[in-house]
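# Topology and contacts: notes
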Amino acid sequence: MITVLRLEHRVGRDKRMTTHCALAARALGADRMVYSGDHDGSMEENVESVSERWGGDFEVEHVKSWKNYLKNFDGKRVYLSMYGLPIQEKIEDVKNFEEDICVVVGGEKIPGDIYDYIDIQIAVTNQPHSEVAALAVFLDRFLGVEGAEGGFEGSVEIVPKERGKEIKES
Ligand SMILES: C[S@@+](CC[C@H](N)C(=O)[O-])C[C@H]1O[C@@H](n2cnc3c(N)ncnc32)[C@H](O)[C@@H]1O
């Protein structure tokens with residue numbers, strides 16, 4: 001099971017980024033996203049409505065304390081940060097974990113004591129970019145494209161085309 005933890009969401013300022021973290025996590029094969037910070041019912045509804053139409057069992061849940069969540073997480077905690085070890089050197093170690101993993105991504109400000117709660121810090125390049133990009137690259141390297149394909153069985157499905165758009169509705 002792959003859980004994504006998005007740290008310290010702020011209603012208003014982070015709505016798009018946190019929604020995109022959830023949608024990227026869902027599309028690329030994670031099972032659930034938990035988030036700390038402000039509880040945001042409308043962000044949760046947006047993600048749930050995508051899951052309802054497009055299928056799958058992806059869940060979003062608010063947690064009061066990211067520290068408690070990580071402290072009690074039964075598995076390995078992988079923190080994505082530009083200060084980490086290169087993904088290309090460490091992804092095989094992560095694949096060899098036998099436990100569930102929690103992939104932690106930050107927002108604008110990162111709590112200084114995050115390092116007390118994680119097992120490994122992984123960088124997707126050592127350049128600054130975004131939590132959505134880092135998460136997408138990590139999940140793609142961890143699961144491969146297969147992780148992102150199939151298993152959704154929603155009421156809408158795209159018929160891939162070279163040009164134009166076709167959606168099958170059932
Ligand atoms: C806008 S960045 C936060 C930057 C923050 N000021 C800092 O010093 O880390 C938001 C999140 O994107 C992710 N991120 C950004 N660049 C990354 C990189 N090169 N590798 C992995 N994750 C990255 C991290 O999870 C980070 O917490």
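Per chain, the residues get numbers from 1 upward, laid out in the order the sequence is written. Totals for whole chains, interfaces and linings use all residues, but because this is a predicted model, local features are given only for residues with pLDDT of at least 70 and pairs of side-chain atoms are given and counted only at 80 or more.

Put simply, DSSP H or I for four residues or longer makes a helix, DSSP E for two residues or longer makes a strand, and each gets a number counted from the N terminus. Expected span of a helix: the number of residues minus one, times 1.5 Å. The terminal C-alpha atoms of helix 1 (residues 15-27) lie 18 Å apart, and with 13 residues this matches the ideal 18 Å at 1.5 Å per residue to within 8%. Any residue surrounded by 20 or more other C-beta atoms within 10 Å of its C-beta is treated as buried, while 12 or fewer makes it exposed and the intermediate range makes it partly exposed; C-beta atoms here are placed from the backbone. When we look at burial in helix 1, the residues that qualify are Thr18, Thr19, Cys21, Ala22, Ala24, Ala25 and Arg26. Directly beyond the C-terminal end of helix 1, a positive phi value near 110° is found at Gly29.

Below, the discussion takes up the environment of Asp116. As for its position among the elements, Asp116 is in the loop between strand 5 (100-105) and strand 6 (120-123). Classification of Asp116 as exposed rests on a count of 10 C-beta atoms within 10 Å. The spatial distance from the C-alpha of Asp116 to the C-alpha of Gly12 is 29 Å, given a sequence separation of 104 residues.

Paired through backbone hydrogen bonds, the strands of a sheet run either parallel or antiparallel to each other. Any two strands between which DSSP finds at least two bridges are classified as paired. Strand order across the open sheet formed by 6 strands is 3-2-1-5-4-6, with parallel pairing between neighbours. With partners counted over all chains shown, the strands left at the sheet margins are strand 3 (59-62) and strand 6, one partner each. Going across the sheet, the axis of each strand differs from the next one's by a mean of 30°, ignoring polarity. Here 5 bridges tie strand 1 (residues 2-9) to strand 5, and the two strands are oriented parallel to one another. Note on strand 5: the bridge partner recorded for Arg6 is Val105. Placing C-beta atoms from the backbone, we regard two residues as in contact once those atoms come within 7 Å. Orientation is described by axes fitted as lines to C-alpha atoms, over the contacting stretch for helices, and by angles from 0 to 180 degrees between their N-to-C directions. In the packing of helix 4 (residues 87-95) onto the sheet, contacts are made with strand 4 (75-86) and strand 6, and the angle to strand 4 comes to roughly 175°.

Nearness here has a simple definition: the residue's C-beta atom, placed using the backbone, must lie within 6 Å of the molecule or strand. In the neighbourhood of the ligand, 17 residues make up the surrounding shell, with Leu80, Met82, Gly106, Glu131 and Ala134 lying closest. Broken down by secondary-structure element, the contributors of at least two residues to the shell around the ligand are strand 4 and helix 5 (131-148). When residues of the shell around the ligand are assigned to their parent elements, the largest contribution, 3 residues, is made by strand 4.

Strand 5 sits mainly inside the fold: 5 of its 6 residues count as buried. Sheet topology note: the strand 4/strand 5 ladder contains 5 bridges and is parallel. Among the inter-strand pairings, Lys76 is bridged to a residue of strand 5, identified as Ile101. Handedness of the crossover joining strand 4 and strand 5 through helix 4: right-handed. Orienting the strands away from the viewer, one traces the path from the first strand over the helix to the second; a clockwise path indicates a right-handed crossover.

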